[in-house]
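Given next are the chains, with one letter for each unit.
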Amino acid sequence: MSGDTRARILAEALRQFAARGFDGATISSIERGVGLAEGTGSFYRHFPSKRAVFDAVVEHELARLRAIRPEREPRTAEGGTRPLSERLADDLRFLREVRPLVEILIRERDGMPHVAERVRDVLVERGLAGIAGDLAADGEPGWEDPEAAATVLLCATVGYFLTTEFFGDVPGGVNAERYARSLARLLGGT
């Protein structure tokens, strides 16, 4: 049951840190959200402080996201090239999974730079390396500079995601599939 309580604390802390930020979430509110009696020390049996649960939430989310990261495999099972537009649509679905972590990052970036560093390392730097490797493997004539193309893909896709998620509607009425097809075409990918 202890592992279950720890997992529930992590899930509730993620929700509250994303919604309220580090300062807005309290140990008491996390305890209430999990169904623990406030002030009984139940929280402290799992985490020594609010900062410890915050750091555990970030690391837990990064590990979870690495595990669910869509395969950017440029090849199909039959050996053909998987369309770039499909891979971009996968990336947009993945970004929806990242949203709570992105909200935490937006709220805490200045006060907790270690969070920005960890997220950048896992999601941006490793993501760019994977995308650039995929583009180089694609062998498309337009990918002479796969690192630059990967940066364009990442920044455009994150921008589309942020616009959609934080303004509550798809920009210009263009859904994710249309966006992915158009970006792939603009960049000359299949």
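The rules behind each value
- Residues numbered from 1 in each chain as written.
- Predicted model: local features only at pLDDT ≥ 70, side-chain atom pairs only at ≥ 80, totals over all residues.
- Heavy atoms only, no water.
- Patch = residues over 30% accessible without salt bridge, like charges linked within 9 Å, V, L, I, M, F, W, Y side chains within 5 Å.
- Areas by Shrake-Rupley, 256 points an atom, 1.4 Å probe, with all protein chains shown as cover.
- Salt bridge = Lys/Arg side-chain N within 4 Å of Asp/Glu carboxyl O.
- Helix = DSSP H or I, 4+ residues; strand = E, 2+ residues; numbered from the N terminus.
- Axes fitted to C-alpha atoms, helices over the stretch in contact; angles between N-to-C directions.
- Parallel < 35°, antiparallel > 145°, perpendicular 65-115°, else oblique.
- Left-handed = near helix turned anticlockwise from the far one by under 90°.
- Contact = heavy atoms within 4.5 Å.
- Core = buried A, V, L, I, M, F, W, Y, C linked by side-chain atoms within 4.5 Å.
- Buried < 20%, exposed > 50% of the residue type's maximum accessible area, 1.4 Å probe, protein only.
- Nonpolar A, V, L, I, M, F, W, Y, C, P; charged D, E, K, R; others polar.

What about a nonpolar patch on the surface?
Part 1 of the argument: On the surface, Ile106, Leu162 and Phe166 cluster together into a nonpolar patch covering about 240 Å² of accessible area.
Part 2 of the argument: Mapped onto the fold, Leu162 is located in helix H6 (residues 146–167).

Describing the packing of helix H4 (residues 84–108) against H6
Part 1 of the argument: Between H4 and H6, the shortest axis-to-axis distance is 9 Å and the interhelical angle comes to 60°. Comparing the axis directions of H4 and H6 gives the class oblique. For the element pair H4 and H6, the recorded crossing hand is right-handed. Along its contact with H4, which presents Leu84, Leu88, Asp91, Leu92, Leu95, Arg96, Arg99, Val102, Glu103 and Ile106, the element H6 presents Leu153, Thr157, Val158, Tyr160, Phe161, Leu162, Glu165 and Phe166.

A short note on the nonpolar core
Part 1 of the argument: Counting residues in each nonpolar core, the largest one holds 33 residues, and the members touching the most others are Ile9, Phe17, Val53, Phe54, Val57 and Leu101.
Part 2 of the argument: Those elements that place two or more of their residues in this core are helix H1 (2–24), helix H2 (27–34), helix H3 (50–68), H4 and helix H5 (113–138).
Part 3 of the argument: When sequence neighbours within four positions are dropped, the list of residues in contact with Val53 reads Ile9, Leu10, Ala13, Phe17, Phe43 and Phe47.
Part 4 of the argument: Counting residues in each nonpolar core, the second largest holds 21 residues, with Leu84, Leu88, Leu153 and Ala184 among its members.

Things to note about the packing of H6 against helix H7 (residues 176–186)
Part 1 of the argument: Orientation of H6 relative to H7, taken along the N-to-C sense of each, is 160°, at an axis distance of 12 Å. Here H6 lies roughly antiparallel to H7, going by the angle between them. In terms of crossing hand, the pair formed by H6 and H7 is right-handed. In this structure, H6 uses Leu153, Ala156, Thr157 and Tyr160 to contact H7, whose residues at the interface are Ala176, Tyr179 and Leu183.
Part 2 of the argument: Split by residue class, the contact of H6 with H7 holds 6 nonpolar, 1 polar and no charged.

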